[in-house]
Amino acid sequence: MYDYSQWNHIFKLDPNKEISDDELEKICESGTDAILVGGTDDVTLDATISLLVRIRRYAVPCILEVSNLEAVTPGYDFYFIPTVLNSNDPKWIIGMHQQAMKEFAHLVHAEELVMEGYCILNEDCKAAKLTSAVTDLSIEDIVAYAEVSEQLLKLPIFYLEYSGTYGSPQVVEEVSTVLNNTKLFYGGGISSAQQAIEMKQFADTIVVGNIIYDNLQEALLTVKAVKEGATK
Ligand SMILES: CC(C)=CCC/C(C)=C/CC/C(C)=C/CC/C(C)=C/CC/C(C)=C/CC/C(C)=C/CC/C(C)=C/COP(=O)(O)OP(=O)(O)O
Ligand SMILES: O=P(O)(O)OC[C@@H](O)CO
Ligand SMILES: [Mg+2]
């Protein structure tokens, strides 16, 4: 079983976006610690199976981030399960999860499920809109969500999500000071090696998504930057 708590860099592939075999090979052989397959909407079973089969040509760990139950397939190394802590709607905090367990508890291997406490901070991203996330938060509010994750819920991962936009290094730094056991993931808008290094100073793991599709060369440089400059 892989140890996700030691991962510094993750590429997130959107099952809803095209990627050629040549591009996928570069991503999988880049030295990244893992490939996370996930997106907010229109994630289909065909797409999650197809990406799994293609990624399995390589040795890299492969995780499905579950956003809808219809698109779950066996064969991934882990299933990362988001809970949106700053959602206004209990459905996205625990409701979908309760329904999922009601239906699928008999299929679950508990050691493959990893809960991610999301705090979504870009009000314009699809995930924020879908989950009615309350994004107008002070640093103290955000830090308190991190403390809830570690001290009350004892979550393995707290995920600062700025999907589509580069976030505040100050927020990531403040949050990092209150987490000891829960791992801090940062994702959003990383589009250069320098940004990767900046966020990695404070986050345990950085997640790189959209730039894969916009500028593959820059995306690949984020891996090198993190591997050479990892301080945390
Ligand atoms: C092998 C096998 C069959 C095992 C059984 C596994 C199973 C079904 C277990 C059930 C366990 C369980 C509790 C599942 C949870 C079910 C569920 C649907 C929970 C809700 C998850 C959730 C809160 C989704 C909201 C959206 C979200 C936060 C998605 C995370 C990914 C994300 C933020 C993507 C970025 O989105 P964005 O950039 O905004 O948009 P696009 O990239 O799509 O443009
Ligand atoms: O796509 P980007 O903006 O890189 O964000 C990565 C990831 O946090 C999205 O869920
Ligand atoms: Mg995305």
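Since the model is a prediction, treat every value here as computed from it, not as a measurement.

Colleague: Could you clarify how one ought to interpret the nonpolar core in this entry?
Modeller: The nonpolar side chains of a soluble globular protein tend to be buried, and buried together. Among the nonpolar cores identified, the biggest contains 50 residues, and Ile-35, Ile-55, Phe-158, Leu-160 and Val-175 are the most heavily contacted of them. Each residue touching Ile-35, except ones within four places of it in the same chain, is listed here: Phe-11, Leu-13, Ile-27, Cys-28, Ile-55, Val-60, Pro-61, Cys-62 and Ile-63. Judged by nonpolar contacts, the second largest core, of 21 residues, contains Phe-80, Tyr-118, Ile-120 and Cys-125.

Colleague: Explain the site of ligand 2 here, please?
Modeller: Contacts to ligand 2 come from Lys-12, Tyr-159, Glu-161, Ser-163, Gly-164, Gly-187, Gly-188, Gly-189, Val-207, Gly-209 and Asn-210. Here an oxygen atom of ligand 2 sits 2.7 Å away from a polar atom, N or O, in the side chain of Tyr-159. Relative to its free-state accessible area of 300 Å², ligand 2 is covered by the protein chains to the extent of 93%. Along the lines of polarity and charge, the residues of the shell around ligand 2 split into 2 nonpolar, 7 polar and 2 charged.

Colleague: Honestly, the UniProt feature "binding site: sn-glycerol 1-phosphate" (unreviewed entry) in the protein in this entry has me stumped. Any pointers?
Modeller: Here the UniProt-annotated "binding site: sn-glycerol 1-phosphate" (unreviewed entry) positions come out as Lys-12, Tyr-159, Leu-160, Glu-161, Tyr-162, Ser-163, Gly-164, Gly-189, Gly-209 and Asn-210. Relative to the helices and strands, Ser-163 resides in the loop between β6 (157-161) and α6 (169-176). For Ser-163, a relative accessible area of 29% translates into the label partly exposed. With sequence-adjacent residues up to four places away left out, Ser-163 is seen in contact with Asn-122, Cys-125, Gly-187 and Gly-188. On the secondary structure map, Gly-189 appears in the loop between β7 (183-187) and α7 (193-200). Looking at Gly-189, the relative accessible area reads 27%, which means it is partly exposed.

Colleague: Even after reading the chapter, I still don't get the sheet that holds strand β2 (residues 34-37), so can you show me in this structure?
Modeller: The strands making up a sheet associate through backbone hydrogen bonding, with each pair oriented either parallel or antiparallel. Strand order around the closed barrel formed by 8 strands is β1-β2-β3-β4-β5-β6-β7-β8, with parallel pairing between neighbours. Taking the axes of each pair of neighbouring strands and ignoring which way they run, one obtains an average angle of 30° across the sheet. Judged from the 5 bridges that link them, β6 and β7 form a sheet pairing that is parallel. In the strand pairing of β7, Glu-161 is matched with Gly-187.

Colleague: Looking at this model, I keep getting lost on the confidence of the model for the protein. Mind explaining?
Modeller: Any region with low pLDDT has predicted coordinates that should not be read closely. In this model, the protein carries a mean pLDDT of 96, and residues with pLDDT of at least 70 account for 99%. Here the prediction assigns the complex a pTM of 0.97, and the interface score ipTM is 0.95.

Colleague: What should I look at first to understand the environment of Tyr-159 in this one?
Modeller: Inspection of the secondary structure puts Tyr-159 in strand β6. On a C-alpha basis, the gap between Tyr-159 and Glu-65 in space is 12 Å, while along the polypeptide they are 94 residues apart. Ignoring anything within four residues of it in the chain, the contact list for Tyr-159 reads Lys-12, Glu-65, Glu-116, Gly-117, Tyr-118, Cys-119, Phe-185, Gly-187 and Val-207.

Colleague: Sorry, what's going on with the packing of aromatic side chains here?
Modeller: Here a ring pair, both rings aromatic, is described through the centre-centre distance and the interplanar angle of the planes. All told, the structure shown has 11 aromatic pairs when counted by the stated rule. With centroids separated by 5.4 Å and ring planes inclined at 85°, the aromatic side chains of Tyr-4 and Phe-78 adopt a geometry described as edge-to-face. Of this pair, Tyr-4 sits in the segment before β1 (9-13) while Phe-78 sits in strand β4 (residues 78-84), and the two are 74 residues apart along the sequence. By relative accessible area, which is 2% here, Phe-78 ends up buried. With centroids separated by 4.2 Å and ring planes inclined at 15°, the aromatic side chains of Tyr-118 and Tyr-159 adopt a geometry described as stacked. Taken together, the residues span a long stretch of sequence, with Tyr-118 in strand β5 (residues 113-120) and Tyr-159 in strand β6 at a distance of 41 residues. For Tyr-159, a relative accessible area of 1% corresponds to the buried category. By way of ring pairs, the aromatic residues Tyr-4, Trp-7, Phe-78, Phe-80, Tyr-118, Tyr-159 and Phe-185 are connected into one cluster.

Conventions used here
Residues numbered from 1 in each chain as written. Chains lettered and ligands numbered in written order. Predicted model: local features only at pLDDT ≥ 70, side-chain atom pairs only at ≥ 80, totals over all residues. Heavy atoms only, no water. Core = buried A, V, L, I, M, F, W, Y, C linked by side-chain atoms within 4.5 Å. Buried < 20%, exposed > 50% of the residue type's maximum accessible area, 1.4 Å probe, protein only. Contact = heavy atoms within 4.5 Å. Near = heavy atom within 4 Å. Polar contact = N/O pair within 3.5 Å; in protein donor to acceptor, adjacent residues only side chain to side chain. Areas by Shrake-Rupley, 256 points an atom, 1.4 Å probe, with all protein chains shown as cover. Nonpolar A, V, L, I, M, F, W, Y, C, P; charged D, E, K, R; others polar. UniProt positions renumbered as here; feature names shortened; annotations may be inferred. Helix = DSSP H or I, 4+ residues; strand = E, 2+ residues; numbered from the N terminus. Pairing = 2+ DSSP bridges. Axes fitted to C-alpha atoms, helices over the stretch in contact; angles between N-to-C directions. pLDDT = per-residue confidence, 0-100. Phe/Tyr/Trp six-rings, centres within 6.5 Å; stacked < 30°, edge-to-face > 60°.

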